[in-house]
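As a plain string of letters, each chain reads:
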Amino acid sequence: MLLAKKLKRCDKFPGISDRLALLFSTTTQSSEIERITRIINDHPFPDQPLHPTLLQHLPQTTPLSSTLVENVLGRLFAAHSNGLKALEFFKFTLQHPHFTPTPDAFEKTLHILARMRYFDQAWELMSHVQRTHPSLLTLKSMSIMLSRISKFQSYEETLEAFDRMEREIFVGIRKFCSEEFNVLLQAFCTQKEMKEARSVFVKLLSRFAPNNKTMNILLLGFKESGDVTAMEMFYHEMVLRRFRPSVVTYNIRIDGYCKKGCFGDAMRLFEEMERVACLPSLQTITTLIHGAGLVRNIQQARQLFDEMPKRNLKPDIGAYNAMISSLIRCRDLNAAMELMDEMEEKRIGHDNVTYHTMFFGLMKSSGLEGVCKLYDRMIEGKFVPKTRTVVMLMKFFCVNCRVDLGLNLWGYLIDRGFCPHGHALDLLVTGLCSRGRWEEAFECSKQMLVRRRQVSEASYRMLQRYLVQANANEKLEDLDRMIKNLQAVLPPPTRQQVAQ
């Protein structure tokens, strides 16, 4: 309302009016995204159909923007929402007469399904899209599917999935060549399955000609596995195969040495880059700043950071995060906070890495008071932390006898349309039950189940014990019924879970 009045008063100043109009539009769209996300998350699907509810709030007479759909699906992904709800929403958009589906929306839906191991539904969706909207099938969608199959299923099943994509899903759309081969290798390398990646490389080398990207994917895989020796051996194999090292190649090797604490070797490679006229990128300097922090060489980190403009490089959020991390490791909290303020002044903004790093440093030095100040700042800025940070905060609050702050964080996430991760619920249920607040623990567990997310066995057993002691038999029956209903739609357990 206030923005609308300002718009009327600024009609005679076109520049100001345009900026306010853009702000008003952005704020309205953000509110709509949050509203639709909350409706989907709170809906008791599959007990009740989701389609009529969506039709009520997104009528087919009104145009549906791709920005809205992509952002809602992005929120559902970040909120760890149930994959079947995301699938229903995407199916609804496909039937909308005023909407053209985008690859981004499809990829996000596929990612949500594959992450929750709904592989049957994911394959069905890909087959449907292949018939109706083949342009949505991209290398990224292939990568999402293969990476998750590689994580949760066997080596043979991953190769079968690759074969199925070539024969059924991408037939007539893409002819499989080096790019698709790279996607398959990346699926194994992402899971640090280098023995399998090497096997695939040797097995399919005669069919697919490797390129620079192929070699860098494998090099990155060896680096991520933490084996610097294997990384260097493969690098020499690259050279023998007459592949010329690129800035990406150098960045991978520099990162490998930095993470092992071999900062001198990383700097040697940096100097070599400059000698062979391979210009260091923003990522190169960011990696070195982080590496300097790991060995507590704050002078070198600061020098690298300050010299970035001289190299025609503009520090981004990643570079600032690396510098903040280095300062935190050297216990210079004040300088780290100053950098955080500078990011705000320069409108670079903060991401989850910024907050996680700062919270970690404050927990080690300033204790509860410092953490609470930053927590209040985060909430005021309406920033929603990712799972790793949520779990860290929940544990800190509960261990420090501030379970009220844990409840506050839980409520904040629920109000923003996010479904907190099961680990966060485990910590909160333990903290509440140990203080005799089992009713609140029950309500939080119920909120999780309503959003079609499973409660862990540990949390259930703890709640069961307290509910029995309190003679709250109706609540226990209600909990059992919701868990049983949810189990009927959850995917089967993985082989690892069965073994456990």
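Residues numbered from 1 in each chain as written. Predicted model: local features only at pLDDT ≥ 70, side-chain atom pairs only at ≥ 80, totals over all residues. Heavy atoms only, no water.

## Digging into the environment of Arg-416
The condition that has to hold: Numbering of helices and strands runs from the N terminus, with a helix taken as a DSSP run of H or I at least four residues long and a strand as a DSSP run of E at least two residues long.
Among the secondary structure elements, Arg-416 is positioned in the loop between α23 (403–415) and α24 (422–433). Between the C-alpha atom of Arg-416 and that of Val-69, which follows or precedes it by 347 residues, the distance is 17 Å.

## Focus on the nonpolar core
In plain terms, the rule: Throughout this description, the term nonpolar core refers to a set of buried Ala, Val, Leu, Ile, Met, Phe, Trp, Tyr and Cys residues connected via side-chain atoms within 4.5 Å. Type-normalised accessible area, obtained with a 1.4 Å probe on protein chains alone, sets the label of each residue: buried when under 20%, exposed when over 50%, and partly exposed for intermediate values.
Formed by 164 residues in total, the largest nonpolar core has its most connected members in Met-126, Met-165 and Phe-359. Take this core: its biggest share by element is eight residues, from α23.

## Some words on a positive patch on the surface
Rule in force here: Residues form patches when they are more than 30% accessible in relative terms and have no salt bridge. Like charges link within 9 Å. Nonpolar side chains (Val, Leu, Ile, Met, Phe, Trp, Tyr) link within 5 Å. Where accessible areas are quoted, they stem from the Shrake-Rupley method and a 1.4 Å probe; at the residue level, only the protein chains shown are allowed to cover. Note on definitions: salt bridges are taken to be side-chain nitrogens of Lys or Arg within 4 Å of carboxyl oxygens of Asp or Glu. The positive count covers Lys and Arg only, the negative count covers Asp and Glu only, and His and the chain ends enter neither. A single reference atom marks each charge: NZ on Lys, CZ on Arg, CG on Asp, CD on Glu.
Taken together, the side chains of Arg-296, Arg-329, Arg-331 and Lys-364 present a region of like positive charge at the surface. Within the element layout of this structure, Arg-296 appears in the loop between α16 (282–294) and α17 (298–306).

## Some details on helix α13 (residues 228–240)
Selection criterion: A helix's residues, less one, multiplied by 1.5 Å, set its expected span. For this analysis, residues touch if any pair of their heavy atoms sits within 4.5 Å. Under the rule applied, a polar contact is a pair of N or O atoms within 3.5 Å (in protein, one hydrogen donor and one hydrogen acceptor; residues adjacent in sequence only if both atoms are side-chain atoms).
Taking 1.5 Å of rise per residue, 13 residues should cover 18 Å, and α13 covers 18 Å from first to last C-alpha, within 8% of that figure. Among all positions in α13, only Val-228, Ala-230, Met-231, Glu-232, Phe-234, Tyr-235, Glu-237 and Met-238 are buried. Looking at the buried side of α13, the elements it contacts are α11 (194–204), α12 (212–224) and α14 (247–259). A distance of 3.2 Å separates the backbone nitrogen of Thr-229 from a side-chain oxygen at the start of α13, and that oxygen is part of Asp-227.

## As for the side chain of Thr-102
Mapped onto the secondary structure, Thr-102 falls in the loop between α5 (83–95) and α6 (103–115). When residues no more than four places from it in sequence are discounted, the contact partners of Thr-102 are Ser-66, Glu-70 and Leu-136.

## Comments concerning the side chain of Asp-255
Here Asp-255 lies in helix α14. For Asp-255, a relative accessible area of 13% puts it in the buried group. Not counting residues up to four positions away in its chain, the partners in contact with Asp-255 are Lys-223 and Thr-287.

## With respect to the pattern of salt bridges
This structure, assessed with the given rule, holds 32 salt bridges. Residue Arg-167 is joined to Glu-168 by a salt bridge in which the shortest nitrogen-to-oxygen separation is 3.6 Å. Overall, the relative accessible area of 49% leaves Arg-167 in the partly exposed class. Arg-377 serves as the salt-bridge partner of Asp-341, at 3.1 Å between the closest nitrogen and oxygen.

## Things to note about the packing of aromatic side chains
We count it as follows: What counts as a ring pair is set by centres within 6.5 Å for rings of Phe, Tyr and Trp (its six-membered ring), and what kind of pair is set by the plane angle: stacked under 30 degrees, edge-to-face over 60, tilted for all other angles. Should the NZ of a Lys or the CZ of an Arg lie within 6 Å of a ring centre and within 35 degrees of the ring normal, that charge is described as sitting over the ring.
Inspection of the entire model under this criterion finds 14 aromatic pairs. A ring pair is formed by Phe-181 and Phe-208, whose centres lie 5.3 Å apart and whose planes are at 15 degrees; its orientation type is stacked. A residue pair is termed long-range when its members are at least 10 positions apart, and Phe-181 in helix α10 (residues 178–190) and Phe-208 in the loop between α11 and α12 qualify at 27 residues. Judged on exposure class, the residue Phe-181 and its partner Phe-208 are both buried. A connected cluster of aromatic rings, assembled from ring pairs, spans Phe-162, Phe-170, Phe-176, Phe-181, Phe-201 and Phe-208. The ring of Phe-152 is capped by Arg-117, whose NZ or CZ atom sits 5.9 Å from the centre of that ring.

## Considering the environment of Arg-131
Relative to the helices and strands, Arg-131 resides in helix α7 (residues 119–132). You can call Arg-131 exposed: its relative accessible area is 59%. Between the alpha carbons of Arg-131 and Leu-110 there is a distance of 16 Å; along the sequence they are 21 residues apart.

## Observations concerning the confidence of the model for the chain
As a reminder of what qualifies: pLDDT expresses how confident the predictor is about each individual residue, on a scale running from 0 to 100.
The share of residues in the chain with pLDDT of 70 or more is 93%, and the mean pLDDT across the chain is 90. Confidence over residues 495–500 falls short of pLDDT 50; this stretch has six contacts with residues more than four positions distant or in other chains.

## Remarks on the packing of helix α19 (residues 333–345) against helix α20 (residues 352–365)
Under the convention used in this document: Every axis corresponds to a line fitted to the C-alpha atoms, with the helix fit spanning only the stretch in contact, and the corresponding angles, defined between N-to-C directions, vary from 0 to 180 degrees. Any angle between 65 and 115 degrees counts as roughly perpendicular, while under 35 counts as roughly parallel, over 145 as roughly antiparallel, and the rest as oblique. By convention, the crossing between two helices is left-handed when the near helix turns anticlockwise from the far helix through less than a right angle, and right-handed when the turn is clockwise. We call Asp, Glu, Lys and Arg charged. Ala, Val, Leu, Ile, Met, Phe, Trp, Tyr, Cys and Pro are nonpolar, and the rest, Gly among them, are polar.
Their axes nearest at 11 Å, the elements α19 and α20 cross at an angle of 155 degrees. Here α20 runs roughly antiparallel to α19, going by the angle between their axes. Judged by the sense of rotation from one axis to the other, the crossing of α19 with α20 is left-handed. Residues Leu-333, Ala-336, Met-337, Met-340 and Met-343 of α19 form the contact with α20, whose participating residues are Thr-354, Tyr-355, Met-358, Gly-361, Leu-362 and Ser-365. The class makeup of the residues in the contact of α19 with α20 is eight nonpolar, three polar and no charged.

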